[in-house]
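Examination of the molecular architecture
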Amino acid sequence: MLEEDYRYISCGGDPFLYLKSTFKATKLELEPGQEIRILLSKDKFPYEENIFQSLANQNKLRITSFKVENNDLIIEMIRENS
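Below, the structure is looked at part by part. (Residues numbered from 1 in each chain as written. Predicted model: local features only at pLDDT ≥ 70, side-chain atom pairs only at ≥ 80, totals over all residues. Heavy atoms only, no water.)

What follows is about the overall build of the chain. For the chain, the helix and strand inventory stands at two helices and four strands. Compactness check: the chain gives a C-alpha radius of gyration of 12 Å against a globular reference of 12 Å for 82 residues, within 12% of the reference. Structurally, the chain occupies a C-alpha span of about 35 × 25 × 20 Å along its principal axes. Expressed as a percentage of its 82 residues, the buried residues of the chain come to 35%. (Helix = DSSP H or I, 4+ residues; strand = E, 2+ residues; numbered from the N terminus. Rg over C-alpha atoms; globule rule 2.2 N^0.38 Å. Buried < 20%, exposed > 50% of the residue type's maximum accessible area, 1.4 Å probe, protein only.)

Here you go:
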């Protein structure tokens, strides 16, 4: 499983657009069936789980685990085969 840590990034612009770009890049980086864990700061990305689900679906990713630990979001996803 790949792991990407975005907790300490400085996006400088709109955090939602950064997140959208991150999910699109994740889709391009993964082969079908490959898994990834993404770590994000809840302070920088204060969105509800349904927003992450929507971004994942748009990019043919399926969230297998969504956790909030302290101030961290831990999202595990798999790239769908289609």
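The final tally for this structure, using the stated rule, is five salt bridges. With a shortest N-O distance of 2.6 Å, Arg-7 and Asp-5 are connected by a salt bridge. For Asp-5, a relative accessible area of 36% puts it in the partly exposed group. Glu-76 serves as the salt-bridge partner of Arg-37, at 3.0 Å between the closest nitrogen and oxygen. Highlighted residues: Arg-37 in strand E2 (residues 35-41) and Glu-76 in strand E4 (residues 72-79), separated in sequence by 39 residues. Each of Glu-3, Arg-37 and Glu-76 takes part in salt bridges that share partners, so that together they form one network. (Salt bridge = Lys/Arg side-chain N within 4 Å of Asp/Glu carboxyl O.)

A few words on the sheet that holds E2. Taken together, four strands build an open sheet; the order of strands is E1-E2-E4-E3 and the sheet is mixed. Pairing within the sheet leaves two strands with one partner each, and these edge strands are strand E1 (2-5) and strand E3 (61-69). Here the strands of the sheet are splayed against their neighbours by 20 degrees on average, with no regard to which way each runs. When E1 meets E2, the two strands line up parallel, connected through four bridges. By the bridge assignment for E2, Glu-4 is matched with Ile-38. (Pairing = 2+ DSSP bridges. Axes fitted to C-alpha atoms, helices over the stretch in contact; angles between N-to-C directions.)

Turning our eyes to something else, we now look at the nonpolar core. Ranked by internal contacts, the top residues of the largest apolar core, which has 18 residues, are Leu-19, Phe-23, Leu-40, Phe-45, Phe-52 and Met-77. Counting residues per element, the ones that place at least two in this core are helix H1 (15-29), E2, helix H2 (49-58), E3 and E4. If we skip the residues at most four places from it in the chain, Phe-45 touches Tyr-6, Ile-9, Pro-15, Tyr-18, Leu-19, Leu-40, Phe-52 and Leu-73. (Core = buried A, V, L, I, M, F, W, Y, C linked by side-chain atoms within 4.5 Å. Contact = heavy atoms within 4.5 Å.)

By themselves, these are just geometric observations and shouldn't be taken as functional.
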